[in-house]
Amino acid sequence: MSTIKVLNMAGAEVGTVELKDSIFGIEPNACVVHEVVKNHLANCRQGTQSALTRAEVSGGGKKPWRQKGTGHARQGSTRAPQWTHGGIVFAPKPRSYSYVLNKKVKRLAMKSALSAKAAAGEIIVVDSIKMDAIKTKDFRTFLGAVKAEGKALVVTPAKDEIIVKSARNIPGVETAMANLINVYDILKAKYLVIDKEALAVIEEVFA
């Protein structure tokens, strides 16, 4: 097991904690991580795009001109795709882009993402992330003290409205509960700031 420092919210070292090699010490599998990120982005797509086919565009009931003798190409409707205001060929319709991945694949991708962060030294464990009031300035000061300025994902053991509201106006900073973190958010953040209790939840969920 690898050992990592535990800091308080002022940035001072208050102890150490061991990270499980089975979660934070494996060889990252880039292919699996790619598949899971692609799946996450596909599941986030709304799929609400819609256009009208020639059967759905209003008008076009009358034949523009007679079939023969005009010198023009034959036309049956002014709502055919080649006409202005005509319908769309193979028009997109509302659909779901989501699909399901194997649980073992998602679990391996999560371990790979966490192991990559641990190997890069981008995991910061905090003894306890607590605030008495909603203060964005104080939360920014906390991130600066633990050297997590920039893009950061702050992981708490349970939902904390004070933490969420204090962090939401800081560009690049996101919060998440330990049992709801995902690979995409981990990779998108430069630093992973984890409450010590949340670390125990992660190790329990992904063991």
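This is a predicted model, so every value here is computed, not measured.

K.L.:
Could you give an account of the overall build of the protein chain, naming the residues involved and the relevant values?
P.N.:
Each helix and strand counted, the protein chain has seven helices and six strands in total. Secondary structure elements of the protein chain, listed N to C terminal, follow the sequence β-β-α-α-α-β-α-β-α-β-α-β-α. Against the compact-globule benchmark of 17 Å for 207 residues, the protein chain has a radius of gyration of 27 Å, which places it well outside the compact range. Dimensions of the protein chain, computed from the C-alpha atoms along their principal axes, are close to 90 × 40 × 25 Å. Here the protein chain holds 207 residues, and 35% of them are scored as buried. Here the analysis covers contacts within the protein chain between residues at least 6 apart in sequence; of these, 67% occur between residues at least 24 apart. Of the accessible surface of the protein chain, which amounts to about 12,400 Å², a share of 53% is contributed by carbon and sulfur atoms. Considering the protein chain, the positive charge centre built from 31 side chains and the negative charge centre built from 19 side chains are found 20 Å apart.

K.L.:
Can you explain unusual backbone geometry? Please cite residues and give values.
P.N.:
Here F90, not a glycine, exhibits a phi torsion of approximately 50 degrees, which is positive. By secondary structure assignment, the location of F90 is in the loop between α2 (30-44) and α3 (103-119). One non-glycine residue, K147, adopts positive backbone phi at about 60 degrees. Tracing the chain through its elements places K147 in the loop between α4 (136-145) and β4 (152-156).

K.L.:
With reference to specific residues and values, describe the pairing of strand β1 (residues 2-7).
P.N.:
Here β1 runs beside strand β2 (residues 13-19); their pairing, made up of six bridges, is antiparallel. Residue pairing across strands places L7 opposite E13, the latter belonging to β2. Following β1, the chain reverses through five residues before pairing antiparallel with β2; G11 in that reversal takes a positive phi of roughly 90 degrees. Bridge count for β1 against strand β3 (residues 123-126) is two bridges, and the pairing is parallel. Paired with V6 across the two strands is V125, which belongs to β3.

K.L.:
Run through the side chain of K117, naming residues and quoting values.
P.N.:
You can see K117 is positioned in helix α3. At 2.4 Å, the side chain of K117 forms a polar contact with the backbone oxygen of A189. With residues up to four places along the chain from it excluded, the contact list for K117 reads E122, I123, I186, L187, A189 and K190.

K.L.:
An account of the domain arrangement of the protein chain is requested, with residue identities and associated values reported.
P.N.:
Quite often, the size of an interface is put as the accessible area lost when its parts meet. Considered domain by domain, the protein chain is made up of domain 1 (2-46 + 100-206) and domain 2 (50-93). Domain 1 and domain 2 are separated by 55 Å when their C-alpha centres are compared.

K.L.:
An account of the sheet that holds β3 is needed here, citing residue identities and associated values.
P.N.:
As summarised here, the arrangement of the six strands in space is β2-β1-β3-β6-β4-β5, forming an open sheet in which the pairing is mixed. Of all strands in the sheet, those bounded by a partner on one side alone are β2 and β5 (173-177). If you compare each strand with its neighbour and ignore which way they point, the axes differ by 30 degrees on average. Bridge count between β3 and strand β6 (residues 191-195): four bridges; the pairing is parallel. Within the sheet, the bridge partner assigned to V125 lies in β6 and is I194. In the packing of helix α7 (residues 196-205) onto the sheet, contacts are made with β2, β3, β4 and β6, and the angle to β6 comes to roughly 100 degrees.

Calculation notes
Residues numbered from 1 in each chain as written. Predicted model: local features only at pLDDT ≥ 70, side-chain atom pairs only at ≥ 80, totals over all residues. Heavy atoms only, no water. Helix = DSSP H or I, 4+ residues; strand = E, 2+ residues; numbered from the N terminus. Rg over C-alpha atoms; globule rule 2.2 N^0.38 Å. Buried < 20%, exposed > 50% of the residue type's maximum accessible area, 1.4 Å probe, protein only. Contact = heavy atoms within 4.5 Å. Areas by Shrake-Rupley, 256 points an atom, 1.4 Å probe, with all protein chains shown as cover. Lys, Arg positive; Asp, Glu negative; His and termini not counted. Charge placed at Lys NZ, Arg CZ, Asp CG, Glu CD. Pairing = 2+ DSSP bridges. Polar contact = N/O pair within 3.5 Å; in protein donor to acceptor, adjacent residues only side chain to side chain. Domains from an automatic or database assignment. Axes fitted to C-alpha atoms, helices over the stretch in contact; angles between N-to-C directions.

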